[in-house]
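Read off the chains here:
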Amino acid sequence: MKHLTRLGLTVLMLSAAGCASSGGQSAEGGDQHREITVFAASSLTAAFTQIGKDFEAANPGVTVTFNFGPSDGLAGQIESEGVADVFASASATWMDDLASSTGVSDRTDFAKNKLVIITPPDDPAGIGSIHDLARQGVQLILAAEGVPVGDYARQALENAGIAKAANGNVVSNEQDDAGVVAKIASGEADAGIVYASDVTEAVAPTVRAVAIPDDLNVIATYPIAVVDGSRSIDLAHAFVRYVSGSEGQARLQSFGFLPPA
Amino acid sequence: MTRRRSAPVALTLLAVLGVALVVLPLIGLIVRTPWSRAGEILGSETARTALRLSLIVATASALLGSLVGFPLAWALARSEFRGKALVRALVVLPLVMPPVVGGVALLSAFGRRGLVGGPVYDAFGVQITFTVWAAVLASTFVSFPLLVLALEVGLRSLDRRLEDAASTMGASRWYVLRRVTLPLLGPQIAAGLVLAWARALGEFGATITFAGNLAGHTQTLPLAVFEDLQTDPGGAIALSLLLVTVSLIVIVTLRGRFLQTS
């Protein structure tokens, strides 16, 4: 009985503490939260990390927290958990998805990205153009179907008229573009298709890039928006404006992204 | 005369919390499963191929793991050598290492540019990555420490007088091992095998990093679940439930049979 009483007391104390803190939060409800959480496609990792720092420097006292991952997974997380203030997707599909479920505002396309072929630096399979990916024995790595960069890559192979042969050469369907880069940089396979922005300064020495002609290439458009229910709505709008503004755009282009229009 | 005692209330409450921690997510899976499509999802080519591959890979890993794990456990339990503490620590390392890191480590050793894999590839043109062998190796890497731990504990708690008695009666060392030690160790061997098998069945990170993800070759059930999450979340949940059910059946039947604690 004594145990039970002690346990009961502990529970009471804990819930009292909980009430106190939630009470405190509502009291300061008039102020803006000086913190935003941005869910962004993993291909934006390098660029957005830098933009986050820029934004914090331009807005003292503000903290930007990122959650990078595959766009589809992020959209799902926001729908079920609803903790994001801003969502930046690598495809319109997943933004549409979120817009129809949770709802978004201030949606705008902020960047484009095109595909590039990467090979290990010594190019073991002799890849000179996209058509070489159809050659028998070439070990090709793509992101999985359903991941935007994986779907775009398959579209580009289709455009080049080599979908069947190239798909037969696929030795692995990776979780995301980072997975493709890692396998090629380690020399484990002969070629992969990723975003041009994936070949960052850090990655460039470890892979060799082969351009895909514009008429065969798939240009990905990145939308960004404020998620409905954001608790820092003004700051979220400010971040979206910053990304599509001149400073954000300059930063994105330095990371290999193309302007939205 | 034994009298059943009930545990203190606080202890019981915490134990119930522990069970809830495992059971609630399971119930979540069951609730979210699209039952109307379950037959179609589980009967699909992808699911059947992935399940078959998972069973093969997990079984092969458990067997391969015991092949090297038993002698290792023996050495750790029965012999003295320099650096034993270090060896023991190294053996359990895969358990605490994030599986993705394990995959990267395997690549750097056995990949076609790896320490061992590189020279082998250059000399014979043999590449293990993206093959079922890589999936087996990745699963063995993460699961065999469980086997070693279980067997070492078993060997330590074994009554050595039984083995000594057999020896004094003229049995050869090999005979003692086969007819005395191994039978006595039965429950620990079974427990170790089941644990390692179950861990191998759920393996994801090291496999996708080292072996890649290709249906029919390296796409085990957890990898199929991951891929389905992108295109068909309901299907992914149904596959997860299949994985959980298979593990549960094996753990309950095998552990129940070999670990009768009465």
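Residues numbered from 1 in each chain as written. Chains lettered and ligands numbered in written order. Predicted model: local features only at pLDDT ≥ 70, side-chain atom pairs only at ≥ 80, totals over all residues.

**Student:** I tried to follow the overall build of chain A on my own but got confused; where do I start?
**Tutor:** Regarding its fold elements, chain A presents nine helices and nine strands. Looking at chain A residue by residue over its 261 residues, the buried ones come to 44%. Long-range pairs, those at least 24 residues apart, make up 76% of the contacts in chain A with a sequence separation of at least 6. (Helix = DSSP H or I, 4+ residues; strand = E, 2+ residues; numbered from the N terminus. Buried ≥ 20, exposed ≤ 12 C-beta atoms within 10 Å, placed from the backbone. Contact = placed C-beta atoms within 7 Å.)

**Student:** What is the right way to read the interface of chain A and chain B from this model?
**Tutor:** How large an interface is tends to be reported as the accessible area lost when its parts come together. Taken together, the contact between chain A and chain B spans 20 residues of the former and 20 residues of the latter. Mapped onto the side of chain A that touches chain B, the elements with two or more residues apiece are α1 (2–27), α3 (71–81) and β6 (170–174) of chain A. With five residues, the single largest contributor to the side of chain A that touches chain B is β6(A). Split into classes, the residues belonging to the side of chain A that touches chain B amount to seven nonpolar, nine polar and four charged. (Nonpolar A, V, L, I, M, F, W, Y, C, P; charged D, E, K, R; others polar.)

**Student:** Would you take a moment to explain the nonpolar core for this structure?
**Tutor:** General note: in soluble globular proteins, nonpolar side chains tend to be found buried as a group. Counting 131 residues, the largest nonpolar core has A:Val86, A:Phe87, A:Leu140, A:Phe239 and B:Ala138 as the members making the most contacts within it. The residue makeup of this core includes at least three contributed by each of domain 1 (32–112 + 221–254) and domain 2 (113–219) of chain A. Each residue touching A:Val86, except ones within four places of it in the same chain, is listed here: A:Ile36, A:Val38, A:Ile224, A:Val226, A:Val227, A:Ala236, A:Phe239 and A:Val240. (Core = buried A, V, L, I, M, F, W, Y, C linked by C-beta atoms within 7 Å. Domains from an automatic or database assignment.)

**Student:** Would you take a moment to explain the environment of A:Val64 for this structure?
**Tutor:** Take A:Val64: it is sitting in strand β2 (residues 63–69). Not counting residues up to four positions away in its chain, the partners in contact with A:Val64 are A:Ile36, A:Val38, A:Gly52, A:Phe55, A:Glu56 and A:Phe239.

**Student:** Help me out: how do you make sense of the environment of A:Asp132 in this one?
**Tutor:** Mapped onto the elements, A:Asp132 comes out in the loop between β4 (104–119) and β5 (140–143). As a C-alpha pair, A:Asp132 and A:Ala166 span 34 residues in sequence and 9.0 Å in three-dimensional space.

**Student:** Please explain the pairing of strand β1 (residues 35–41) of chain A as it appears in this structure.
**Tutor:** Successive side chains on a regular strand alternate, one facing one side of the sheet and the next facing the other. Residues and elements named next belong to chain A. Within β1, six of the seven residues are buried, which leaves the element mostly enclosed by the surrounding structure. By the bridge criterion, seven bridges tie β1 to β2 in an arrangement that is parallel. Bridge assignment links Thr37 to a residue of β2, and that residue is Thr65. Examined bridge by bridge, β1 and strand β3 (residues 86–88) share three bridges and lie parallel to one another. Paired with Ala40 across the strands is Ala88, a residue of β3. (Pairing = 2+ DSSP bridges.)

**Student:** I tried to follow unusual backbone geometry on my own but got confused; where do I start?
**Tutor:** Of note in this structure, A:Asp106 is not a glycine but carries a positive phi near 60 degrees. Mapped onto the secondary structure, A:Asp106 falls in strand β4. The phi angle at B:Phe130 is positive, at roughly 70 degrees, despite the residue not being glycine. Tracing the chain through its elements places B:Phe130 in the loop between α6 (117–124) and α7 (132–157). The exposure class of B:Phe130 is buried, given the 24 C-beta atoms found within 10 Å.

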